[in-house]
Amino acid sequence: MKQGKPLKELASIMEKYPQVLVNIKVKEKKPITEVPELFNVIKDVEEKLSSTGRLLVRYSGTEAKLRIMIEGEDQTLINKYSQEIAGIAQKTLC
């Protein structure tokens with residue numbers, strides 16, 4: 001939507017959240033929906049983050065890696081969530 005305001009002004013009202021990125025080497029890129037334990041922990045974290053952050057879990061397009069990116073208000077909490085997902089990913093995909 002066009003606001004008619006300079007980008008600098010619009011950017012100044014944006015709130016920046018801490019971000020965590022974790023890469024896990026995997027043996028194969030199984031569809032995440034076919035790995036129930038991983039799928040369930042991802043859904044659980046998404047619910048916990050709700051409107052206070054975001055989660056993106058995807059496979060790399062060029063490497064045998066699962067990428068986990070979490071943004072949220074609380075650095076300690078998103079670190080905990082990323083390690084929780086990474087632990088399940090290592091157990092189920094490596």
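All values reported here derive from a predicted model rather than from experimental measurement.

Judged by nonpolar contacts, the single largest core of 24 residues is most densely connected at Leu38, Leu55, Leu66, Ile68 and Ile85. For this core, the elements supplying multiple residues, two or more each, are β1 (19-25), α2 (36-49), β2 (53-59), β3 (65-72) and α3 (75-93). In terms of residue count, the dominant contributor to this core is α3 (7 residues).

To continue, consider the pattern of salt bridges. Applying the stated criterion across every chain, the model contains 6 salt bridges. Among the charged side chains, a salt-bridge network with shared partners connects Glu63, Lys65 and Arg67.

Because the α-helix completes a turn every 3.6 residues, residues three or four places apart line up on one side. Along its 19 residues, α3 runs 26 Å from first to last C-alpha, staying within 8% of the 27 Å computed at 1.5 Å per residue. Residues of α3 that are buried include every one of Ile78, Tyr81, Ser82, Ile85, Ala86, Ile88, Ala89 and Leu93, and no others. Along the long axis of α3, the arc covered by the buried residues comes to 165 degrees, so they all point the same way. Exposed residues on α3 whose side chains face more than 90 degrees from its buried face are Thr76, Gln83 and Lys91. As for α3, its buried residues are in contact with β1, α2, β2 and β3. Regarding α3, its N-cap is aspartate 74, as a side-chain oxygen of that residue lies 2.9 Å from the backbone nitrogen of threonine 76 further along.

Calculation notes
- Residues numbered from 1 in each chain as written.
- Predicted model: local features only at pLDDT ≥ 70, side-chain atom pairs only at ≥ 80, totals over all residues.
- Heavy atoms only, no water.
- Core = buried A, V, L, I, M, F, W, Y, C linked by side-chain atoms within 4.5 Å.
- Buried < 20%, exposed > 50% of the residue type's maximum accessible area, 1.4 Å probe, protein only.
- Helix = DSSP H or I, 4+ residues; strand = E, 2+ residues; numbered from the N terminus.
- Salt bridge = Lys/Arg side-chain N within 4 Å of Asp/Glu carboxyl O.
- Expected span 1.5 Å × (residues − 1).
- Arc of directions from axis to C-beta.
- Contact = heavy atoms within 4.5 Å.
- Polar contact = N/O pair within 3.5 Å; in protein donor to acceptor, adjacent residues only side chain to side chain.

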